[in-house]
Amino acid sequence: MTEPQQNKDEASKPLIKKCTYCQEMKPLTDFQRRTGRRAGPYSRRGPCRSCRGLAPQERAATSAPSGEETNPSAAPVTQHSLDANTAAHNLEASLPMEAQRPRRKPVTDKARERHRQRVRHLLSRLKPADTRALRLNRNGMIRLRGKTDQGRRWHQEIELDLAMTLVRERMAVIVNPYTVRRLYSNKEFRQYVLKRDRYTCFFCGDYGDTIDHLLPRAKGGHTTPVNCVCACNECNQVKAARDVDEFIESVVPQPSPDDFEAPDNPDASEDTLRT
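Keep in mind that this is a model prediction, so the values were computed, not measured.

Reading the values: rules and limits
In this numbering scheme, every chain counts its residues from 1 along its sequence in written order. Local features in this predicted model are restricted to residues of pLDDT 70 or higher, and side-chain atom pairs are both shown and tallied only at a pLDDT of 80 or more, whereas totals for entire chains, interfaces and linings draw on every residue. Hydrogens and water are ignored here; the side-chain numbers use all heavy atoms of the structure. Where helices and strands are cited, they refer to DSSP runs of H or I of at least four residues and of E of at least two residues respectively, numbered from the N terminus. Per-residue accessibility, obtained with a 1.4 Å probe over protein chains only, is compared with the maximum for each type, and a residue is labelled buried under 20%, exposed over 50%, and partly exposed between these values. Note on contacts: a residue pair is in contact if any heavy atoms of the two residues lie within 4.5 Å. Only the protein chains shown count as cover for residues, and all accessible areas are computed by the Shrake-Rupley method using a 1.4 Å probe. A patch consists of residues whose relative accessible area exceeds 30% and which take part in no salt bridge; residues with like charges are grouped when within 9 Å of each other, and nonpolar side chains (Val, Leu, Ile, Met, Phe, Trp, Tyr) when within 5 Å. One speaks of a salt bridge when a side-chain nitrogen belonging to Lys or Arg is within 4 Å of a carboxyl oxygen belonging to Asp or Glu. A residue counts as positive if it is Lys or Arg and as negative if it is Asp or Glu; His and the chain ends are not included. To locate a charge, the coordinates of NZ of Lys, CZ of Arg, CG of Asp or CD of Glu are taken. Strand pairing is assigned whenever DSSP identifies at least 2 bridges connecting the two strands. Structural elements are reduced to axes, namely lines fitted to C-alpha atoms, with helices fitted over the stretch in contact, and the angle between N-to-C directions of any two is expressed from 0 to 180 degrees. In plain words, nonpolar cores are sets of buried Ala, Val, Leu, Ile, Met, Phe, Trp, Tyr and Cys residues tied together by side-chain atoms within 4.5 Å. Under the convention used throughout, the expected extent of a helix is 1.5 Å for every residue step, that is, one less than its residue count. Planes of paired rings set the category: under 30 degrees apart is stacked, over 60 is edge-to-face and the rest tilted, where pairs are Phe, Tyr or Trp rings (Trp by its six-membered ring) whose centres lie within 6.5 Å. Here, a charge over a ring is recorded when the distance from Lys NZ or Arg CZ to the ring centre is within 6 Å and its angle to the ring normal is within 35 degrees. We define a polar contact as two N or O atoms separated by no more than 3.5 Å, with the added condition that, inside protein, one atom must be a possible hydrogen donor and the other a possible acceptor, whereas residues neighbouring each other in sequence contribute only through side-chain atom pairs.

(A) Structural detail: the overall build of the protein chain. Each helix and strand counted, the protein chain has ten helices and ten strands in total. Looking at the 275 residues of the protein chain, the share that counts as buried comes to 31%. Contacts spanning at least 24 positions in sequence make up 57% of the contacts within the protein chain whose residues lie at least 6 apart. Accessible surface computed for the protein chain: about 17,400 Å², of which carbon and sulfur atoms make up 49%.

(B) Quick look at the environment of Glu24. Secondary-structure assignment places Glu24 in the loop between strand E1 (16–18) and strand E2 (25–27). When its relative accessible area of 43% is taken as the criterion, Glu24 is described as partly exposed. Separated by 23 residues in sequence, Glu24 and Pro47 place their C-alpha atoms 9.9 Å apart.

(C) Structural detail: a positive patch on the surface. Judged by side-chain charge, Arg143, Arg145, Lys147, Arg153 and Arg181 come together as a positively charged surface patch. Among the secondary structure elements, Arg153 is positioned in strand E6 (residues 153–158).

(D) Just the sheet that holds E6, in detail. Sheet architecture is open: four strands sit in the order E6-E5-E8-E7, paired in mixed fashion. If you trace the sheet from one side to the other, it starts and ends with E6 and strand E7 (172–176), each paired once. When strand polarity is set aside, the average angle formed by the axes of neighbouring strands in this sheet is 30°. Two strands pair when backbone bridges link them, and strand E5 (residues 142–147) and E6 are joined in this way by six bridges, in the antiparallel orientation.

(E) A look at the nonpolar core. Among the nonpolar cores identified, the biggest contains 31 residues, and Val180, Cys201, Phe203 and Cys235 are the most heavily contacted of them. Secondary structure elements with two or more residues in this core: helix H6 (109–124), E5, helix H7 (160–168), helix H8 (186–196), strand E10 (228–231), helix H9 (233–239) and helix H10 (244–250). Counting six residues, the second-largest nonpolar core is a separate cluster that includes Cys19, Cys22, Phe31 and Cys51.

(F) Examining the pairing of E7 more closely. When E7 meets strand E8 (residues 179–182), the two strands line up antiparallel, connected through four bridges. From the neighbouring strand, Ile174 faces E8, where its bridge partner is Val180.

(G) Examining H6 more closely. In this model, H6 (16 residues) spans 22 Å end to end at C-alpha, consistent with the 22 Å of a helix rising 1.5 Å per residue. The set of residues buried in H6 consists of Arg112, Glu113, His115, Arg116, Gln117, Arg118, Val119, Leu122 and Leu123.

(H) Fine view of H8. Among all positions of H8, only Phe189, Tyr192, Val193, Leu194 and Arg196 are buried. Each element contacted by the buried residues of H8 is listed here: H6, strand E9 (210–213) and E10. Two residues or fewer past H8, Arg198 is found with a positive phi of approximately 60°.

(I) Broad picture of unusual backbone geometry. Backbone geometry places Arg198, a non-glycine residue, at a positive phi of 60°. You can see Arg198 is positioned in the loop between H8 and E9. Phi is positive for Ala240, which is not a glycine, with a value near 55°. Along the polypeptide, Ala240 turns up in the loop between H9 and H10.

(J) Inspection of the packing of aromatic side chains at higher detail. Counted under the stated rule, the structure contains five aromatic pairs. In textbook terms, an aromatic cluster arises when at least three aromatic residues are bridged by ring pairs, as seen for Tyr184, Phe189 and Tyr192. Above the plane of the ring of Phe31 lies Lys17, whose end atom (NZ or CZ) is 6.0 Å from the centre.

(K) Summary view of the environment of Arg118. As for its position among the elements, Arg118 is in helix H6. For Arg118, a relative accessible area of 9% corresponds to the buried category. Considered as a pair, Arg118 and Asp197 are 79 residues apart in the sequence and their alpha carbons are 8.6 Å apart. Here the side chain of Arg118 touches Arg196 through a polar contact of 2.9 Å, landing on its backbone oxygen.

(L) Structural view of the pairing of strand E4 (residues 44–48). Buried residues dominate E4, accounting for four of its five residues. Pairing analysis gives two bridges linking strand E3 (residues 31–33) to E4, with the strands arranged antiparallel. Bridging across to E4, Arg33 finds its partner in Arg44.

(M) The arrangement of the pattern of salt bridges in detail. Tallied over the full model, the rule gives seven salt bridges. For Arg116, the salt bridge identified is with Glu113, shortest N-O distance 3.4 Å. Note that Arg116 and Glu113 are positioned in helix H6 at a spacing of three residues, about one turn of the helix. Each member of the pair, Arg116 as well as Glu113, is classed as buried. Put simply, Arg196 and Asp197 hold a salt bridge, and the shortest N to O gap is 3.0 Å.

Structural data, given as structure tokens:
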């Protein structure tokens, strides 16, 4: 049972959720709804609306250490537990800030730009495939086939332009003039991109475990190895449908001209590319 479902049990109390950024308990209406088939009526995104509109630097500056937080799904709190929580809070407040909230070593602008150059170098090695062999079938479409994460086979008919894009950007291969095959399932494609980018966010250089499109899908981008990079959850949600250059200039700190260098050992990651 998820947290919103647990909060739904008591109709007299408002539905609340903890923000993943400011760590504050807020009403469920302060969070954007999730979309998709598996999203339920109470499915909401992690950050609240106020945190989504802030830059990472502003969010880190405005977020304060969370004090006592109430869990609406927990059992009734007794006086003994309140005293214990108060003593723990006073002990935590007496510690220095570094001991309360340990942080990772900040990523330098030089390391961030070197990672971007490495990813761009790997993407440039994915040369477009030849699509001149494709021919339309009797329905005027191209047959696309593949496998699900569970191994079940599927097929559908797509337009010629989409089939050519998938083949050029190394997401599919030509089986015969009328059929193309998708190279990765959804799970395999996610693991491929994360390992290729070494679980490092393309925008801020921190740890990343999500996939973002360089050209947003709302502007015609597709889920292909050439158009997808690793991103952290924060940058992925803040970027939304903005272009890469616009997002980097407005949010991510820019490196100095002395920080630009060629990627180290670009051929070392050649084994991560599939042809």
